[in-house]
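Understanding the architecture of this molecule
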Amino acid sequence: MASTSNPSTTTLLALTVLATSAAITAAAVLLFQRQASSSSSSSTRETATTSNKSNNLPGDIRVVDLVVYPVKSCAGIRVKTAWVNEFGFAFDRLWIVVDRDGNMLTLREFPKMALIKPTLAFTDPSNETDPDAYSRGGTLTLSHVPTSSSVTIPFRKSFEGAKSVPIQVFNCLVDGVDEGDEAAKWLSKVLGAPARLLVKDPRTRRSLPAKHTPAPEAYSFNPQTSFTDGFPFLLTSTTSLDDVNARLKELSPSYPTLDVLNFRPNIVVAAPPGSRALAPYAEESFKTLAIGSARNIFYVASRCTRCQIPGIDVASGTPNAEVPKALHKFLRSDPGYGSQACFGMNLSHAAAGYFVRVGDPVVVVAFGVHNLKVGMWRPEM
């Protein structure tokens, strides 16, 4: 198969100024077409303008892991295929645990929430990959790993007439619907504190931060999210995780090796061994991505700031306060938020109604400079 040359620097710079979703999609189509005519054995890579970032040929970067977290701050479910709806991945952070006053409860206050394992079951097993799986019926089961106790909550047949309860999720009020006393009693016993389970109210919308997202015309729908920290998706890379673990071991051999689940991503990407397509933290220079198809456009919103959660052992729920302190020594990369460690990138999506699969190619359509304080997309907002 004939090999074509890498995209020129001029072409890549031009892509960064694409203004509309139609133009971005057209550029992604061209890049995906290059994949069909590029030799997979090519070892030549064009480096980006910063020393730890690199441009990729289509096909160099692929999705290697997908994770959905049905209940905020509880264990995740690794999947091979995930449906993208208007909130993000179907069922991701669709539920939240709150106290008796409606304040969200998370791993920050209750690290043992890592030991609550959600399981989704569907009335018709074929509905597992059905875009309307929730409305077609099923259940959420929460299991407490240490005690093997569990509680099962049926999907709601309708939200008509259900009381909406506002929940404070950081700086946003997000409406939920209470899932009843049985779930509340079980959660309260497991956590040792009053707790209730709420499902996202689909009748209301939670908008995304304007300065970290493109103008509305860049989307085919009104962008929103559920009970996430702020954005529909979080993307990390295996190369960045490997570098984090190497740096931790350099600081002290006693530090644990962190799993990618310590950072709770939805999408994990990787490049072939020896490839320069994905240097550690290269994702911090991404602005626009296409995943799986040239039409599946994702806008990179911002770096994800880090608290104490990465220091919680995902297998035991035991916190290690030294790990977050160590991460702060070398992950303070954002020019607008230099006091906080950052790892992974928040994403929004231009359109809904398709699957993302493990193995999908990831094409970097445009690069940019992220700044949490002012934003990249609409800093005037």
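See the structure printed just above.
These numbers come from a predicted model, not from an experiment.

**Points about the sheet that holds strand β5 (residues 95-98)**
The antiparallel open sheet is built from four strands, whose spatial order is β5-β11-β10-β9. Either end of the sheet is taken by a strand with one partner, and the two such strands are β5 and β9 (165-169). Strand-to-strand, the axes of this sheet are offset by a mean angle of 50 degrees, without reference to chain direction. Pairing geometry for strand β10 (residues 172-178) and strand β11 (residues 196-200), over three bridges, is antiparallel. Across the sheet, the residue bridging to Asp178 is Leu198, located in β11. Contacts between helix α3 (residues 181-191) and the sheet are confined to β5 and β11, with β11 contributing the most and set at about 125 degrees to the helix.

**Quick look at the packing of helix α4 (residues 238-251) against helix α5 (residues 322-330)**
In a pair of packed helices, the angle between the axes and the distance between the axes together describe the arrangement. One can describe the packing of α4 onto α5 by two numbers: an axis separation of 10 Å at closest approach and a directional angle of 105 degrees. Judged on the interaxial angle alone, α5 and α4 are roughly perpendicular. Listed contacts from α5 to Val244, Arg247, Leu248 and Leu251 of α4 are Ala326, Leu327, Lys329 and Phe330.

**Quick look at the sheet that holds strand β7 (residues 138-144)**
Across the sheet, which stays open at both edges, the three strands sit in the order β6-β7-β8 with antiparallel pairing between neighbours. The strands lining the two open edges of the sheet, one partner per strand, are β6 (116-122) and β8 (150-154). Sheet twist, expressed as the average angle between the axes of neighbouring strands with direction ignored, equals 20 degrees. In this sheet, β8 lies alongside β7 in antiparallel orientation, the contact comprising five bridges. Bridged to Leu142 within β8 is Val151.

**A look at α5**
Restricting attention to buried positions, one finds in α5 the residues Val323, Pro324, Ala326, Leu327 and Phe330. Down the axis of α5, the smallest arc covering the buried residues is 160 degrees, so these residues share one side. In α5, the exposed positions angled more than 90 degrees off the buried face are occupied by Lys325 and Lys329. Close packing links the buried residues of α5 with α4.

**Focus: the environment of Lys249**
Take Lys249: it is sitting in helix α4. Given the relative accessible area of 33%, Lys249 is considered partly exposed. Sequence-distant contacts of Lys249, defined by excluding residues within four places in its chain, comprise Tyr255, Pro256 and Thr257. A polar atom in the side chain of Lys249 sits 2.4 Å from the backbone oxygen of Tyr255.

**Some points on the side chain of Asp65**
With respect to the helices and strands, the residue Asp65 is situated in strand β1 (residues 61-68). Among the polar contacts listed, one links the side chain of Asp65 to the side chain of Arg78, at a separation of 2.8 Å. If near-sequence neighbours (up to four positions away) are discounted, Asp65 is found in contact with Arg78, Val260, Asn266, Ile267, Val268 and Val358.

**Side note on the packing of aromatic side chains**
Under the defined criterion, the tally for this structure stands at 18 aromatic pairs. Each ring, one from Trp95 and one from Phe155, has its centre 6.2 Å from the other, and the planes form 35 degrees; the classification is tilted. You can see Trp95 sitting in strand β5 and its partner Phe155 sitting in the loop between β8 and β9, a full 60 residues away along the chain. You'll find Trp95 and Phe155 in the same group, each marked buried. Following the ring pairs from residue to residue traces out a cluster consisting of Phe91, Trp95, Phe122, Tyr134, Phe155 and Phe159. Here Arg156 stacks its cationic end above the ring of Phe159, 6.0 Å away from the centre of that ring. The ring of Trp377 is capped by Lys287, whose NZ or CZ atom sits 4.7 Å from the centre of that ring.

Calculation rules
- Residues numbered from 1 in each chain as written.
- Predicted model: local features only at pLDDT ≥ 70, side-chain atom pairs only at ≥ 80, totals over all residues.
- Heavy atoms only, no water.
- Pairing = 2+ DSSP bridges.
- Helix = DSSP H or I, 4+ residues; strand = E, 2+ residues; numbered from the N terminus.
- Axes fitted to C-alpha atoms, helices over the stretch in contact; angles between N-to-C directions.
- Contact = heavy atoms within 4.5 Å.
- Parallel < 35°, antiparallel > 145°, perpendicular 65-115°, else oblique.
- Buried < 20%, exposed > 50% of the residue type's maximum accessible area, 1.4 Å probe, protein only.
- Arc of directions from axis to C-beta.
- Polar contact = N/O pair within 3.5 Å; in protein donor to acceptor, adjacent residues only side chain to side chain.
- Phe/Tyr/Trp six-rings, centres within 6.5 Å; stacked < 30°, edge-to-face > 60°.
- Lys NZ or Arg CZ within 6 Å of the ring centre and 35° of its normal.

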